[in-house]
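# Fold and contact review
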2 protein chains.
Amino acid sequence: MDKRTSILRAAEKLFCELGYEGTSTRSIAREAGANMAMINYYFGSKEGVFVEIMTERIKAFGAQLTVIDEDRISPMEKLKKVIEGYAERIFLNTSFHKMMHRELSLAQRPEMYEKIKGAISTNLEVFEHIVTAGIESGDFRPVDVRMLIATIMGTISNVASSPGKVTGNTLDISNPKDRDILKERLINHLKELAQTFLEPKK
Amino acid sequence: MDKRTSILRAAEKLFCELGYEGTSTRSIAREAGANMAMINYYFGSKEGVFVEIMTERIKAFGAQLTVIDEDRISPMEKLKKVIEGYAERIFLNTSFHKMMHRELSLAQRPEMYEKIKGAISTNLEVFEHIVTAGIESGDFRPVDVRMLIATIMGTISNVASSPGKVTGNTLDISNPKDRDILKERLINHLKELAQTFLEPKK
DNA sequence: CAAAACTAATCAAACGATTGATTAAGACAA
DNA sequence: TTGTCTTAATCAATCGTTTGATTAGTTTTG
């Protein structure tokens, strides 16, 4: 792994654990086994590292969404695939997801947030398109699309961020097997919710 | 307003906007119209200020715990009342709600974490009891209760934290009137969702 | 081919600014 | 006068960033 990449991975780890402000460039360099100056050499600034990490991740998710949207399956199957994909992705790295929401909920560092929000809203549009197309084709009944998206993403986000609220701390989330059980339960719930909520009334 | 109080209010405002790490004691003093030394004089440290703010809020939160559950109305009406109450409460002070989740997700400051979690889980139990009772009485069809709660709270939290994702930035959230429109839209969506999802199949 | 020129990568050291905290001295009410 | 409040000045530590020098590898040139 080259220095550039190891800086990215080290920074990601520390940002997740300690937050953006709580992570110093010195600690990033130490964790990456690199010199401090390399951070500015490759990314211009600490903020540049953060933006790079975020856009990297968001683009990967966007690519996944687009692939699903272009699949030749029914709107409901698409939606279920999106739910699965989103849940899988977030459960694969919950601490990153928490970090993203944490740092985005701050009103400061405007240019950085504009960039990231732009990438997110591109993804939202694909999501929205899937549901809207389903409504237009008559597969779904008409609903508040953006609110439905907020529900799906909000539920996944909520369960991933505080799994204890759901399991009542009977499961050990640090255990991959237990985490998988919770993830499947979440996916099932959301699929059923989507099915019930979107089914056209007869 | 005395200096002590104005420091608390100034710190709360800045913590909400900039996060804990992003807020300096100097900026708190400036915002409060007080000298820097007053912060350490009254609260011992920056963290002392933070702890004071949180305990203050949590106490107020616990005092206003709903008695909806004891109302003599149908389970569905109870649930809708809970949805309304929860949305109202969070929309009343979104920035504080965001800050709470932000600092909570960092897992630093463990004593605070436990305190807040305790307050939240008390509310969860009321919530859960309402839905469970509705299922037992046959008003609701059997569903994954905890997941449903995660959906409701997750949706509200999601919309409150990033309203732009829903409105597409066509509304000005800092405008109380626009914020009210969004809140009503959210409540309507969730009521409809609950109705559709929980309705027993014939 | 070999010398010269250039390039990207890396480093230790230092920059000025800012951090949270403390001090000693003054102001003011009781 | 005593004890509470308030101040400006200052502390050491740490922050993100920049610097100038050095290395190793590649290109260009004579």
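Definitions and cut-offs
- Residues numbered from 1 in each chain as written.
- Chains lettered and ligands numbered in written order.
- Predicted model: local features only at pLDDT ≥ 70, side-chain atom pairs only at ≥ 80, totals over all residues.
- Heavy atoms only, no water.
- Near = heavy atom within 4 Å.
- Polar contact = N/O pair within 3.5 Å; in protein donor to acceptor, adjacent residues only side chain to side chain.
- Helix = DSSP H or I, 4+ residues; strand = E, 2+ residues; numbered from the N terminus.
- Nonpolar A, V, L, I, M, F, W, Y, C, P; charged D, E, K, R; others polar.
- Least-squares fit on C-alpha atoms with pLDDT ≥ 70 in both.
- Contact = heavy atoms within 4.5 Å.
- UniProt positions renumbered as here; feature names shortened; annotations may be inferred.

## Regarding the protein's contact with DNA strand D
Not every one of the 16 residues close to DNA strand D is listed here, only the nearest: Thr25(A), Arg26(A), Met36(A), Lys46(A) and Tyr42(B). Lys46(A) is positioned with one of its side-chain polar atoms (N or O) 2.6 Å from a phosphate oxygen of DNA strand D. Looking at the surface near DNA strand D, the elements with two or more residues in it are α2 (25-32) and α3 (36-43) of chain A together with α3 (36-43) of chain B. For the surface near DNA strand D, the leading source of residues is α3(B), giving four residues. Grouping the constituent residues of the surface near DNA strand D by class yields six nonpolar, six polar and four charged.

## With respect to the relation of the copies chain A and chain B
Its rotation angle being 179 degrees, the transformation that places chain A on chain B also includes 0.2 Å of axial translation and leaves an RMSD of 2.0 Å. Such a combination of turn and shift is consistent with a two-fold rotation axis. The fraction of interface residues of chain A whose copies in chain B are also interface residues reaches 95%, indicating that both copies meet through the same surface.

## Re the protein's contact with DNA strand C
Not every one of the 18 residues close to DNA strand C is listed here, only the nearest: Tyr41(A), Thr25(B), Arg26(B), Met36(B) and Lys46(B). For DNA strand C, the fraction of protein-proximal atoms (within 4 Å) that sit in sugar or phosphate groups is 50%. Between DNA strand C and Tyr42(A), the relevant distance is 3.0 Å, taken from a phosphate oxygen to a side-chain nitrogen or oxygen of the residue. Elements that contribute at least two residues to the surface near DNA strand C include exactly α3 of chain A together with α2 (25-32) and α3 of chain B. Broken down by element, the residue count for the surface near DNA strand C peaks at five residues, all from α3(A). Considering only residue class, the surface near DNA strand C consists of eight nonpolar, six polar and four charged.

## Looking at the UniProt feature "domain: HTH tetR-type" (unreviewed entry) in chain A
According to UniProt, the positions carrying the feature "domain: HTH tetR-type" (unreviewed entry) are residues 1-61 of chain A. Between the C-alpha atoms that bound residues 1-61 of chain A the distance is 23 Å, and the span itself is 79% helix and 0% strand.

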